[in-house]
Amino acid sequence: MHRRQFVTTAASAGLAAVPLAGAQPNAFFELRYFHMRNGSQTQRTRDFLSKYFLPAAGRLGIGPLGFFESMIAEGSPFILALISYPSAAAFAESRVRMASDKQFQQGFEEYNSMTELSYIRMENSLLRAFDSFPSIAVPLAATRPARIFELRTYESNNVKAAQRKIRMFNEGEAAIFERLGMAPVFFGETMVGRNLPNLTYMLSFDSMAARDKLWGVFGGDPEWQKLRAQPGYSDAEIVSNISNSILRPLDFSPIR
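Since the model is a prediction, treat every value here as computed from it, not as a measurement. Here the residue index of a chain counts from 1 through its sequence in written order. Whole-chain, interface and lining totals are the exception, using all residues; otherwise, since this is a predicted model, local features are given only for residues with pLDDT of at least 70 and side-chain atom pairs are given and counted only at 80 or more. Calculation of side-chain values draws on the structure's entire complement of heavy atoms; hydrogens and water are dropped beforehand.

J.: Requested: an account of the sheet that holds strand 7 (residues 148-155), with residues and values cited.
T.: Here, a strand pair is defined by DSSP locating no fewer than two bridges between the strands. Secondary structure follows DSSP: runs of H or I at least 4 residues long count as helices, runs of E at least 2 residues long count as strands, and numbering of each begins at the N terminus. Reading around the barrel, the eight strands line up as 2-4-3-10-7-9-8-5 and close back on themselves, with antiparallel pairing between neighbours. Here the average twist between neighbouring strands, direction ignored, is 35°. We call two residues in contact when some of their heavy atoms are within 4.5 Å. Think of each axis as a best-fit line through the C-alpha atoms, taken over the contacting stretch in the case of a helix, with angles from 0 to 180 degrees between the N-to-C directions. Against the sheet, helix 3 (residues 88-99) makes contact with strand 2 (28-35), strand 4 (78-85) and strand 5 (121-129), and its axis sits at roughly 40° relative to strand 2, the strand it touches most.

Right, here's the structure in full:
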């Protein structure tokens, strides 16, 4: 997709595009889950992320970032942190840099004390952005009402099939989402995580009603029907399992 086309469609969906391929390499995304059991754990995690993690990330130039809670999702309740890095090296360096940040370490020590469990388990995965969407799209207006976010993961039977599904997104599926106003946030191939090979992407909607309507429009879109009819692009050939979660942004989330 040409940069001008991307910026136009992103702007029409209420999003601002981060520079595309040619201006910077594909970003890497960390999906960090905090699995909870009770309300006090949720509040402790919210406090840690809003008071310590988010400010430290800002000081160290890490981002864009998003923080979400589950509405409809397997493994609920959980909080999901979406963290963007300009490279795999930046991801690797981030913990070292965080460890040298005194203000962050103060909150880290408190959050990870054994006096009270702050979470049951943490789980994370590392993704590389698609060529057609090489960085996160962030909201233009922080004052707009919070959107509904959908996180979808497509598993494949083998790496070759997964690569075809990624090519399908790069050759048109991601652009159809944008054209229809489904406001993509990111698309990424999972490099480190569970149930490999798989890809994950995030879309955003004004409401659940808007989400349901737009998926219906997408299913009947002529361009989508033409794309999925191409040899090698049927679901049976490239996707073995689909899972999705409906999320809402926490009140301090920059992506909302």
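J.: I'd love a proper account of the packing of aromatic side chains, names of residues and values included.
T.: Each pair of aromatic rings is reported with the distance of its centres and the angle of its planes. Think of it this way: a Phe, Tyr or Trp ring, Trp meaning its six-membered ring, pairs with another when their centres are within 6.5 Å, and the plane angle makes it stacked under 30 degrees, edge-to-face over 60, tilted otherwise. Under the counting rule described, the total for this entry stands at 28 aromatic pairs. Judged by centre distance (5.3 Å) and plane angle (45°), the rings of Phe-67 and Phe-252 are tilted. You can see Phe-67 sitting in strand 3 (residues 65-72) and its partner Phe-252 sitting in the segment after strand 10 (241-249), a full 185 residues away along the chain. Burial here depends on accessible area, computed with a 1.4 Å probe over protein chains only, as a share of the maximum for the residue type. Under 20% is buried, over 50% is exposed, and the range in between is partly exposed. A relative accessible area of 0% means that Phe-67 is categorised as buried.

J.: Break down the pairing of strand 9 (residues 198-205) for me, citing the residues and quoting the values.
T.: Of all eight residues in strand 9, eight are buried, a share of seventy percent or more. Every second residue of strand 9 is oriented toward a common face, with Asn-198, Thr-200, Met-202 and Ser-204 on one face and Leu-199, Tyr-201, Leu-203 and Phe-205 on the other, all of them buried. Here eight bridges tie strand 7 to strand 9, and the two strands are oriented antiparallel to one another. Of the residues in strand 9, the one forming a bridge with Thr-153 is Thr-200.

J.: Now, about the pattern of salt bridges: what can you tell me, with residues and values included?
T.: Any Lys or Arg side-chain nitrogen located within 4 Å of an Asp or Glu carboxyl oxygen qualifies as a salt bridge. Evaluation of the coordinates by the stated rule reveals 14 salt bridges. Between Glu-173 and Lys-165 there is a salt bridge, and its shortest N-O distance comes to 2.9 Å. With relative accessibility at 1%, the residue Lys-165 sits in the buried group. Here Asp-221 and Arg-179 are joined by a salt bridge, their closest N and O atoms 2.8 Å apart. Pair noted here: Asp-221 is in the loop between helix 6 (208-219) and helix 7 (222-228) and Arg-179 is in helix 5 (residues 159-180), with a separation of 42 residues, a long-range link. Its relative accessible area of 8% is what places Asp-221 among the buried residues. Exposure remark for Arg-179: the relative accessible area of 42% places this residue in the partly exposed category. A cluster of three or more residues bridged by salt bridges with shared partners is formed by Glu-150, Arg-152, Arg-211 and Asp-212.

J.: Summarise the nonpolar core; cite the residues concerned and give the values.
T.: We define the nonpolar core as a collection of buried residues of types Ala, Val, Leu, Ile, Met, Phe, Trp, Tyr and Cys that are connected through side-chain atoms lying within 4.5 Å of one another. Counting 25 residues, the largest nonpolar core has Phe-169, Phe-177, Met-182, Phe-187, Tyr-201, Trp-215 and Phe-218 as the members making the most contacts within it. Sorting the residues of this core by element identifies helix 5, strand 9, helix 6 and helix 7 as the ones contributing at least two each. Setting aside its immediate chain neighbours within four residues, Trp-215 contacts Glu-150, Arg-152, Phe-177, Met-182, Tyr-201, Leu-203 and Phe-205. Core analysis: the second largest hydrophobic core is formed by 22 residues, Leu-49, Phe-53, Phe-67 and Leu-250 among them.

J.: Residues and numbers for helix 4 (residues 102-111), please.
T.: Those residues of helix 4 that sit buried are Phe-104, Gly-107 and Tyr-111. Each buried residue of helix 4 sits inside an arc of 70° when the element is viewed along its axis, so together they form one side. Exposed and facing more than 90 degrees away from the buried side of helix 4 are Lys-102, Gln-106 and Glu-109. Structurally, helix 4 contributes buried residues whose contacts are with strand 2, helix 2 (39-60) and helix 3. Nitrogen and oxygen atoms within 3.5 Å of one another constitute a polar contact, given that in protein one can donate a hydrogen and the other can accept it, and given that sequence-neighbouring residues count only through two side-chain atoms. Of the residues flanking the start of helix 4, the one acting as N-cap is Asp-101, its side-chain oxygen 3.2 Å from the backbone nitrogen of Gln-103. As used here, the arc is the angular range of directions from the helix axis to the C-beta atoms.

J.: Can you lay out the environment of Gln-106 for me, pointing to particular residues and giving the numbers?
T.: Looking at where Gln-106 falls in the secondary structure, it is placed in helix 4. A C-alpha to C-alpha distance of 8.3 Å links Gln-106 and Tyr-52, two positions 54 residues apart in sequence.

J.: Can you lay out the pairing of strand 4 for me, pointing to particular residues and giving the numbers?
T.: Judged by how many residues are buried, strand 4 sits mostly within the fold: eight of eight residues are covered. The alternating pattern of strand 4 places Phe-78, Leu-80, Leu-82 and Ser-84 on one face and Ile-79, Ala-81, Ile-83 and Tyr-85 on the opposite face, and all of these are buried. Relative to strand 4, strand 2 is paired through eight bridges, and the arrangement is antiparallel. Note that in strand 4 the partner of His-35 across the bridge is Phe-78. Pairing between strand 3 and strand 4: five bridges, direction antiparallel. Note that in strand 4 the partner of Leu-65 across the bridge is Ile-83. Connecting strand 3 to the antiparallel partner strand 4 that follows it, the hairpin turn spans five residues, and Gly-75 within it adopts a positive phi of roughly 80°.

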